[in-house]
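Working through the structure, step by step
Listed below, chain by chain, are the residues.
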Amino acid sequence: EPFREGDEITSGEYTGTVEAIETRATFIRTYDGRRVIIPNSQIYSDPVQVITAYRLLRSEYDVGIGYGDDIDAAKRIALATLSDIEGVLPDPTPDVLTWDLAASTVNLRLRWWTDPTRANVVETKDRVLRAIARAMAEGGIDLPFPTQVVLFHDQTEETDGDRTRQREGWPAGDAPPRPARVADAERRRADR
């Protein structure tokens, strides 16, 4: 049998603990307390994840830090914090990777190993997130939220589109791209 009573599995859209395996069906108790009866014809023909098949389970979580923050310092803080949390196993060691240069943050991926039972995974994740938020704040590392800059300008201005007159969010320079209407107006003035 690929799993036995007491194992935690995922079959289709259901995840829970196997309560019983009978001739025609497998009974699982979901984490929110529902009993699901899955026909064995489905269980044995569709993929099944056996969450507790091994003694370890890796969890991960992405934490975004500000672009102005020291990435190496943030990684050191996160790794030291992970290593001190109850439920995070020391072997294999936890790690912190620079994972993404996102729109508003540099994302660090925190990865750690725990006992695979659902209760332990959830409780350890709670401890990890609380400890990381506290440690980053104490270390002066910003955990920014997504931001967006919206520029408003009066499009009736005579200088609209003239990028030689630097406006916030527009490139500066002596010969920036110019809207056709501005270039045409300049040519007409020069021809006069």
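Everything below is about the structure printed above this text.
Residues numbered from 1 in each chain as written. Predicted model: local features only at pLDDT ≥ 70, side-chain atom pairs only at ≥ 80, totals over all residues. Heavy atoms only, no water.

1. Some remarks on helix 2 (residues 71-83)
Basically, it comes down to this: Runs of H or I in DSSP of at least four residues are treated as helices and runs of E of at least two as strands, each being numbered from the N terminus. Residue count minus one, scaled by 1.5 Å, sets the expected span of a helix. Remark: exposure states derive from per-residue accessible area (1.4 Å probe, protein chains only) relative to the maximum for the residue type, with buried under 20%, exposed over 50%, and partly exposed in between. Directions pointing from the helix axis toward each C-beta atom define the arc. It only takes one pair of heavy atoms within 4.5 Å for two residues to be counted as in contact. The definition of a polar contact used here is a pair of N or O atoms within 3.5 Å, where within protein one atom must be able to donate a hydrogen and the other to accept one, and adjacent residues in sequence count solely through side-chain atom pairs.
Compared with the 18 Å implied by 1.5 Å per residue over 13 residues, the 18 Å span of helix 2 between its first and last C-alpha is a close match. Listed in full, the buried residues belonging to helix 2 are Ala73, Ala74, Ala78, Thr81 and Leu82. Taken down its axis, helix 2 places every buried residue within 165° of arc, on the same side. Buried-residue contacts for helix 2 involve strand 6 (57-65), strand 7 (95-101), strand 8 (106-114) and helix 3 (118-138). Near the N-terminus of helix 2, the side chain that reaches the backbone nitrogen of Asp72, with its oxygen 3.0 Å away, is that of Asp70.

2. Considering unusual backbone geometry
In this model, Asp91 is joined to Pro92 through a cis peptide bond whose omega is 0°. With respect to the element layout, Pro92 can be found in the loop between helix 2 and strand 7.

3. Here's the deal with the sheet that holds strand 8
Note the threshold: A pair of strands counts as paired when DSSP detects no fewer than two bridges linking them. Only the stretch in contact is used when a helix axis is fitted, and all axes are lines through C-alpha atoms; the angle between N-to-C directions ranges over 0 to 180 degrees.
What the three strands build is an open sheet, ordered 6-8-7; its pairing is antiparallel. Strands with a single pairing partner mark the edges of an open sheet, and in this sheet they are strand 6 and strand 7. On average, each strand axis in the sheet is inclined to that of its neighbour by 25°, with strand direction left out of account. Note: strand 7 against strand 8, six bridges, orientation antiparallel. When the bridges of strand 8 are listed, Leu101 appears paired with Val106. Set on the sheet, helix 2 makes contact with strand 6, strand 7 and strand 8; between it and strand 7 the angle comes to about 140°.

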